[in-house]
Amino acid sequence: MADQYQYNTNEEKIVKDSHTKEIDLINRDPKQINEDVVKVEFEDVIAEPDGTHSLDSVWKLSYTTFTVSKYWCYRILSAAFGIPVALLWGFLFACISFCHIWAVVPCIKSCLIESQCISRIYSLCIQTFCDPFFEALGKIFSSVRVALRKEV
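In this text, all values refer to a predicted model and were calculated from it rather than measured experimentally. (Residues numbered from 1 in each chain as written. Predicted model: local features only at pLDDT ≥ 70, side-chain atom pairs only at ≥ 80, totals over all residues. Heavy atoms only, no water.)

## Topic: the UniProt feature "transmembrane region" (unreviewed entry) in the protein
Then, number 1: Cross-referencing UniProt, the feature "transmembrane region" (unreviewed entry) maps to residues 76-103 in the present numbering.
Then, number 2: Secondary structure content for residues 76-103 is 100% helix and 0% strand, while the C-alpha to C-alpha distance between its ends is 40 Å. (UniProt positions renumbered as here; feature names shortened; annotations may be inferred. Helix = DSSP H or I, 4+ residues; strand = E, 2+ residues; numbered from the N terminus.)

This is how it looks when you write it as structure tokens:
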């Protein structure tokens, strides 16, 4: 269980469960993950260019209708489907976490352990067979001298 420990002024240990943290009812998107995506206002959807204006009363009523219907439709949909969808997303992320913790990470660790063994064997082979060959080539070509002359 992921409990956090806090100490008060009398140095008594207070256990605070991470599942009961306070949620902010004012700022419901503190990390701004939906800042640009669903922030749609009336002016973003409906606009009348100069020379093509409806009656002012129609424009005001359209604005009010759009805003209120968007507000209440979202509230009704979130009331009806918010909890079931949250349950599904919670289940999905729990399954993803389970797979990651119990399958992906152990598999990666296993591959790293095996590749470390293979890496040592490969390094030994290179040192045993290739290093002497290239040292010999180096000694053969070490006496080669190149001189550049420019003839006019």
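## What about unusual backbone geometry?
Then, number 1: The phi torsion at Q32 lies on the positive side, around 50°, for a residue other than glycine.
Then, number 2: On the secondary structure map, Q32 appears in the loop between β2 (13-17) and α1 (42-45).
Then, number 3: Given the relative accessible area of 45%, Q32 is considered partly exposed. (Buried < 20%, exposed > 50% of the residue type's maximum accessible area, 1.4 Å probe, protein only.)

## Regarding the layout of surface pockets
Then, number 1: Each pocket or cavity is described by its volume, and for the largest pocket that value is around 850 Å³.
Then, number 2: Around the largest pocket, the lining is made up of 15 residues, and of these R28, D29, N34, V38 and Y74 lie nearest the centre.
Then, number 3: By residue class, the composition of the lining of the largest pocket is five nonpolar, three polar and seven charged. (1 Å grid on protein atoms, 1.4 Å probe; cavity = no way out; pocket = protein on both sides within 12 Å on 5 of 7 lines; lining within 4 Å. Points joined across faces, edges and corners; volume = space filled by probe spheres on them. Nonpolar A, V, L, I, M, F, W, Y, C, P; charged D, E, K, R; others polar.)

## Side note on the packing of aromatic side chains
Then, number 1: One pass over the full model with this rule turns up seven aromatic pairs.
Then, number 2: Ring plane angle 65° and centroid distance 5.0 Å describe the contact between F42 and W59, whose orientation is recorded as edge-to-face. With a gap of 17 residues between them, F42 in helix α1 and W59 in helix α2 (residues 56-141) connect regions that are remote in the sequence.
Then, number 3: By relative accessible area, F42 is classed as buried at 2%.
Then, number 4: For W59, a relative accessible area of 31% translates into the label partly exposed.
Then, number 5: Residues F98 and W102 carry aromatic rings whose centres are separated by 6.4 Å and whose planes lie at 35° to one another, so their mutual orientation is tilted. One end of the pair, F98, and the other, W102, are both in helix α2, four residues apart, so they sit about a helical turn from each other.
Then, number 6: Aromatic ring contacts, followed pair by pair, group F42, W59, Y63 and F66 into a single cluster. (Phe/Tyr/Trp six-rings, centres within 6.5 Å; stacked < 30°, edge-to-face > 60°.)

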